[in-house]
Amino acid sequence: SGAVHAETNGALEIRDGERIMLIGDLMHGPRYAQHPGLRDPELLPAYFLSRFAARNVTFVKIAADHMTTASLLAILDSEVLSWKPTLVIIDRGVYDVASQFRKPKPDFSVYRKGMSTLVSRLRAAGARMVLCSPTPKNNGSAPDSLLPPNDGIAGMVRDAREIAAANGAHFVDVFTP
């Protein structure tokens with residue numbers, strides 16, 4: 001069975017009037033059987049709304065279906081920052097991995113560059129963040145024996161962890177066993 005590891009920069013406080021934006025891959029069903037329901041798009045809002053019932057909390061979900069982290073930047077102003085989110089939970093990476101399929105030498109630096117820019121722009125807009133580790137593209141490999149290009153995910157998880165730490169964001173690792 002897998003584990004979910006959270007690394008925090010202090011406690012994650014949910015404030016009254018919070019506008020929480022959920023961005024990305026977390027909208028698309030469970031990652032693997034060991035994390036059933038983890039990515040159910042209603043799970044996080046239901047938890048926060050029941051746990052912090054006395055607070056006025058609003059949720060906005062952006063699926064960003066089939067978008068790389070870099071392509072998400074093209075809609076950042078119109079689809080994300082226009083909502084003026086105060087807390088953003090970012091689960092990106094599966095399509096960054098998919099973009100590297102069939103390349104003789106996968107280049108995972110596209111993820112780090114895009115995620116660094118995304119986090120910098122959100123931070124400049126005053127949003128607090130939670131970054132979730134990227135996950136493999138389903139190509140038939142099991143979580144404990146990943147086939148290319150999924151074998152590069154560990155480096156992307158390291159990048160996400162470093163970006164979160166450098167920006168005072170929380171990090172949740174749902175990839176590393």
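Each chain carries its own residue numbering, running from 1 in the written order of its sequence. In keeping with the predicted nature of the model, local features appear solely for residues at pLDDT of at least 70, side-chain atom pairs appear and are counted solely at 80 or more, and the whole-chain, interface and lining totals rest on all residues. To get the side-chain values, all heavy atoms of the structure are used, and hydrogens and water are removed first.

### Considerations on the pattern of salt bridges
It is possible for side chains bearing opposite charge to pair when their charged atoms get close.
In step 1: Any carboxyl oxygen of Asp or Glu within 4 Å of a side-chain nitrogen of Lys or Arg constitutes a salt bridge here. Inspection of every chain in the model, using the stated rule, returns eight salt bridges.
In step 2: With its nearest N and O atoms 3.1 Å apart, the salt bridge here joins E162 to R112. You can see E162 sitting in helix 6 (residues 153-166) and its partner R112 sitting in helix 5 (residues 109-124), a full 50 residues away along the chain.
In step 3: Burial classes follow relative accessibility: with a 1.4 Å probe on protein chains only, a residue under 20% of its type's maximum area counts as buried, one over 50% as exposed, and anything between as partly exposed. Given the relative accessible area of 37%, E162 is considered partly exposed. Secondary structure elements are taken from DSSP: a helix is a run of H or I of four residues or more, a strand is a run of E of two residues or more, and numbering for both begins at the N terminus.

### Details of the nonpolar core
In step 1: For the purposes of this section, nonpolar cores are sets of buried Ala, Val, Leu, Ile, Met, Phe, Trp, Tyr and Cys residues that join through side-chain atoms within 4.5 Å. With 29 residues, the main nonpolar core has V88, I90, M115, L122, M129 and L131 as its most contacted residues.
In step 2: Those elements giving two or more residues to this core turn out to be strand 2 (19-24), strand 3 (58-62), helix 3 (76-80), strand 4 (87-91), helix 5, strand 5 (128-132) and helix 6.
In step 3: The greatest single-element share of this core, amounting to six residues, is contributed by helix 6.
In step 4: Only heavy atoms enter the contact rule, under which two residues are in contact if any of them lie within 4.5 Å. Beyond its immediate sequence surroundings of up to four residues, M129 is in contact with L87, V88, I90, V119, L122, R123, A169 and H170.

### Topic: the confidence of the model for the protein chain
In step 1: Note: pLDDT gives the predictor's confidence per residue, expressed from 0 to 100. The share of residues in the protein chain with pLDDT of 70 or more is 73%, and the mean pLDDT across the chain is 77.
In step 2: Highest mean pLDDT in the protein chain belongs to helix 5 (92); lowest belongs to strand 1 (residues 5-7) (57).
In step 3: For the stretch residues 28-39, pLDDT sits under 50, and the model shows 36 contacts to residues farther than four places along the chain or on other chains.

### So, the environment of V174
In step 1: Within the fold, V174 resides in the segment after strand 6 (170-173).
In step 2: Measuring from C-alpha to C-alpha, the distance between V174 and P134 comes to 8.2 Å, with 40 residues separating the pair along the chain.

### Here's the deal with the pairing of strand 6
In step 1: Side chains H170 and V172 of strand 6 all project onto a buried face; the interleaved residues F171 and D173 project onto the opposite face, where all are buried too.
In step 2: For two strands to count as paired, DSSP must find a minimum of two bridges between them. Direction of pairing for strand 5 relative to strand 6: parallel, over a ladder of three bridges. Bridge pairing links L131 to F171 in strand 6.

### Notes on the packing of helix 5 against helix 6
In step 1: Under this scheme, a helix contributes an axis fitted over its contacting stretch, all axes are lines through C-alpha atoms, and angles between N-to-C directions fall in the 0 to 180 degree range. Put simply, helix 5 and helix 6 touch, their axes get as near as 10 Å, and they point 20° apart. With respect to helix 6, the axis of helix 5 lies roughly parallel. Of the two possible hands of crossing, helix 5 and helix 6 adopt the one that is right-handed. Between helix 5 and helix 6, the residues in contact are Y111, R112, M115, S116, V119 and R123 and M156, D159, A160, E162, I163 and A166, respectively.
In step 2: Just so you know the grouping, Ala, Val, Leu, Ile, Met, Phe, Trp, Tyr, Cys and Pro go in nonpolar, Asp, Glu, Lys and Arg go in charged, and all remaining residues, Gly too, go in polar. When grouped by side-chain class, the residues that make up the contact of helix 5 with helix 6 number seven nonpolar, one polar and four charged. Working rule for angles: under 35 degrees goes down as roughly parallel, over 145 as roughly antiparallel, 65 to 115 as roughly perpendicular, anything else as oblique. Take the far helix as your reference; a near helix turned counterclockwise from it by less than a right angle gives a left-handed crossing, and one turned clockwise gives a right-handed crossing.

### Some points on the pairing of strand 4
In step 1: Here strand 4 lies mainly inside the structure; five of its five residues are buried.
In step 2: Judged by which residues are buried, strand 4 turns out to be covered on both faces: L87, I89 and D91 on one side and V88 and I90 on the other are all buried.
In step 3: Inspection of the sheet shows strand 2 paired to strand 4 by five bridges, in the parallel sense. Residue I20 lies in a different strand from strand 4, and its bridge partner there is L87.
In step 4: One ladder, built from five bridges, connects strand 4 with strand 5; its direction is parallel. Note on strand 5: the bridge partner recorded for I90 is L131.

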